[in-house]
Amino acid sequence: MTTSGQFERYAEWWGNPDLQWALAKLGVPERPYWHGEHGIVPTAKRIVALLRGAHRLASQTDGQRKSAVATGSPPASAPPAETRLATPAPNARHSTSIFAVEMLPADNGDCLWIEYGDPSRPRRILIDCGAVSAARTVASRIESLGAPSERVFELFVLTHIDADHINGVLPLFGNPNLNVRFEDIWFNGWHQVGRFLGIKQGEDFSKLLEDPARSLPWNRAVTSKGEKHPAPIALSSDKPPPMFELPGGLRLTLLSPSADQLKRLGREWRQVLLELEPGKAMLGRRRPPPPVTDFAKFDLEALARKSVTKDTSVANGSSIALLAEFDEHAILLTGDAHADMLVKSIEQPQRERGRPGQKLKLEALKLSHHGSANATTIPLLELLDCPRYLVSSNGNIFSHPDREAIARVILHGGHQPTLYFNYRSPLNELWDERVLRDRYGHKAEYPSEGKAGLLVRL
Ligand SMILES: [Zn+2]
């Protein structure tokens, strides 16, 4: 056991971006013999996997991994490894490890701060930065992490170019004092959708990512050496959904967008541009429904049964959606992805994993499109075995979440589901009404009095 423990420590450290970064600063650059199929680091990890009898570390070293050396990338980081889609190894969860999602206050948008692994030194990913105020919140959280060597994210994902996901991105990345490092950034910009046109923020973010002075990683997980532009993050029609393993063992399976949805965004970019102009977006403002005055007559079944109007937004359809799994825990991070796309892509991994027709077991679902009625459908919910449902919105502009979506979650989202809201708003507080909770058995969680943002431990 002592030998195993020693190897584990070595394997944990060698190949760890933080150690490589520290060594690089001491003038010890990465060596080619550290990597590759028979390199020191993968060999040590294989030995650890053998000693542990687990598969997870071994899967990091298979031939599909693109090492930092192979891609000619800076020594500080290694891209997420794309692995075969397989049944995740049933690793015994380290009794002390964490997997937590915090829905930061992002007005009517999304900003998800996710931590996993050792709680004393957790690894992190960030998904979207949907309000300028969210950029300030994220910045102060980053500053509180301490020295620059601690300010590391394994990944930043900008799911799509809607204002409620992108508004804080430029202020966050443009902040010169943050000293933060992202090991990879997933974003489908104008080169990825095939047109030199774009909403100003999307274009500016692309320019910022391409600035040689910043040397930021961009879609490294899917981009081969020598490609002129980063490859798109998208599903291909003839392959199963790709799975990526981040350092520390977080597995991400891509469930949206399809290549066709990205192409469509490229074709209709000019139209999307017009729709996304701030003034135009306000035209889409939706009035909140009238308050419920008689809960005895409040008909949840009728709400759930209401017909679904298909979401035709090409921007929403271009959302990056991910199944994130850590040890035996999973969350579906949907951006604003279309419900029918999620249904289609969930079925395939279940087949690949030898569970055709079985429900996908989740700890939590982040409702797509802030709990919009057309994004949370009964066919989607019935594919899932999930006890928790996360809603990120203060209800501004589009009056999210829609009652139809929450009614479907309560009636079709498993036994006594729990709803998590990152704001308490006039639109969502009815789900905390005692009469409804007693009648349907659901639970509802909100930030504490006067606060916004909610941490959900998985
Ligand atoms: Zn949105």
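Residues numbered from 1 in each chain as written. Predicted model: local features only at pLDDT ≥ 70, side-chain atom pairs only at ≥ 80, totals over all residues. Heavy atoms only, no water.

**Observations regarding the overall build of the protein chain**
Defined as follows: The way it works is that DSSP assigns letters per residue, a run of H or I at least four long becomes a helix, a run of E at least two long becomes a strand, and they are numbered from the N terminus. When checking whether two residues touch, look at their non-hydrogen atoms; a contact exists if any pair is within 4.5 Å. Under the convention used here, a 1.4 Å probe and the Shrake-Rupley method define accessible areas, while residue burial counts only the protein chains that appear.
Within the protein chain, the secondary structure is distributed over 18 helices and 19 strands. Considering only intrachain contacts with a sequence separation of at least 6, the fraction spanning at least 24 residues in the protein chain is 72%. Carbon and sulfur atoms make up 53% of the accessible area of the protein chain, which amounts to about 20300 Å² in all.

**Re the pairing of strand β19 (residues 454-457)**
Spelled out, the test is: Between buried and exposed lies partly exposed: a residue is buried under 20% and exposed over 50% of the maximum accessible area for its type, with that area taken using a 1.4 Å probe on protein chains only. Strands were regarded as paired on the criterion that DSSP finds at least two bridges between them.
Only one face of β19 is buried: it carries L454 and V456, and the other face, with L455 and R457, is open. Sheet topology note: the strand β2 (residues 98-103)/β19 ladder contains four bridges and is antiparallel. Counted as the bridge partner of A100 is R457 from β19.

**Let's talk about the coordination of the zinc ion**
When four donors bind a metal tetrahedrally, each ideal donor-metal-donor angle is 109.5 degrees, and when six bind octahedrally, the ideal angles are 90 or 180 degrees. Here is the rule: Nitrogen, oxygen and sulfur within 2.8 Å of a metal are treated as its donors, or within 3.2 Å for sodium, potassium and calcium (Na, K, Ca); water is not counted, so a site can appear incomplete. A four-donor site is classed as tetrahedral when every donor-metal-donor angle falls between 85 and 135 degrees; four donors are called square planar, and six octahedral, when trans pairs exceed 155 degrees and all remaining angles lie between 65 and 115, with any other arrangement labelled irregular.
In the first shell of the zinc ion, the protein supplies D164 (OD), H165 (NE2), D336 (OD) and H370 (NE2), at 2.0 to 2.1 Å from the metal. Bound by four donor atoms, the zinc ion shows angles of 80 to 150° at the metal and therefore irregular coordination geometry. In primary-sequence terms, the residues that donate to the zinc ion follow D-H-x170-D-x33-H. Within this pair, whereas D164 is found in helix α6 (residues 163-166), its partner D336 is found in the loop between β12 (329-333) and α15 (339-352), the two being separated by 172 residues in sequence.

**Some points on the sheet that holds strand β3 (residues 112-117)**
Pairing in this open sheet of six strands is mixed, and the strands run β8-β6-β4-β3-β2-β19 from one edge to the other. In this open sheet, the two strands that pair with only one neighbour each are β8 (185-186) and β19. The sheet contact formed by β2 and β3 spans six bridges and is antiparallel. Across the sheet, V101 pairs through a bridge with I114, a residue of β3.

**Section: unusual backbone geometry**
Residues S256 and P257 are joined by a peptide bond in cis, for which omega reads 5°. Along the polypeptide, P257 turns up in the loop between β10 (251-256) and α10 (259-267). Cis geometry is adopted by the peptide bond preceding P401, which originates at H400 and carries an omega value of 0°. With respect to the helices and strands, P401 occurs in the loop between β16 (388-391) and α17 (403-412). A positive phi angle is found at N219, which is not glycine, with a value near 45°. Classification of N219 by relative accessible area gives buried; the value is 0%. The backbone of I397 sits at a positive phi, close to 65°, despite the residue not being glycine. With respect to the helices and strands, I397 occurs in the loop between β16 and α17.

**Concerning the packing of aromatic side chains**
Put simply, the test is: Aromatic rings from Phe, Tyr and Trp, with only the six-membered ring used for Trp, were paired whenever their centres fell within 6.5 Å, and each pair was classed as stacked if the ring planes differed by under 30 degrees, edge-to-face if by over 60, and tilted otherwise.
All chains considered together, the criterion is met by 15 aromatic pairs. Centroid distance F156 to F205: 6.4 Å. Interplanar angle 85°. Geometry classified as edge-to-face. With a gap of 49 residues between them, F156 in strand β6 (residues 155-157) and F205 in helix α9 (residues 200-210) connect regions that are remote in the sequence. Relative accessible area serves as the criterion here: at 0%, F205 is assigned to the buried category. In textbook terms, an aromatic cluster arises when at least three aromatic residues are bridged by ring pairs, as seen for W113, F153, F156, F173, F182, F187, F205 and W218.

**A word on the pairing of strand β17 (residues 418-421)**
Note the threshold: A crossover counts as right-handed when, viewed with the strands pointing away from the observer, the path leading from the first strand over the helix to the second turns clockwise.
Here β17 shows no split at all, with T418 and Y420 on one side and L419 and F421 on the other all buried. As paired strands, β16 and β17 are joined by four bridges and run parallel to one another. Among the inter-strand pairings, L390 is bridged to a residue of β17, identified as Y420. Taken together, β16, α17 and β17 constitute a β-α-β crossover, and its handedness is right-handed. Inspection of the sheet shows β17 paired to strand β18 (residues 443-445) by three bridges, in the parallel sense. Residue T418 lies in a different strand from β18, and its bridge partner there is K443. For the handedness criterion, the β-α-β arrangement of β17, helix α18 (residues 434-440) and β18 is classed as right-handed.

**Observations regarding the environment of R141**
Heads up, the rule is: A 3.5 Å cut-off defines polar contacts: any pair of N or O atoms within that distance qualifies, except that in protein one atom must be a possible hydrogen donor and the other a possible acceptor, and neighbouring residues in sequence count only when both atoms are side-chain atoms.
With respect to the secondary-structure elements, R141 resides in helix α5 (residues 132-143). R141 sits in the partly exposed class, given a relative accessible area of 24%. Setting aside residues up to four positions removed in sequence, R141 forms contacts with E102, L104 and W113. Within polar-contact distance, the side chain of R141 engages the side chain of E102 at 2.9 Å.

**Details of the pattern of salt bridges**
For clarity, the threshold we go by: The working definition used for a salt bridge is a side-chain nitrogen of Lys or Arg within 4 Å of a carboxyl oxygen of Asp or Glu.
Taken as a whole and judged by the stated rule, the model has 15 salt bridges. Where D340 meets K310, a salt bridge forms, and the shortest distance between an N and an O atom there is 2.4 Å. Here D340, found in helix α15, pairs with K310, found in the loop between α13 (300-305) and α14 (314-317); they are 30 residues apart in sequence, far enough to count as distant. A salt bridge links R353 to E325, with the nearest nitrogen and oxygen atoms 2.9 Å apart. Of this pair, R353 sits in the loop between α15 and β13 (360-361) while E325 sits in strand β11 (residues 321-326); the two residues are 28 residues apart in sequence, bridging distant segments of the chain. Across the pair, E325 and R353 agree in class, each one buried.

Taken by themselves, the reported measurements are silent on function.
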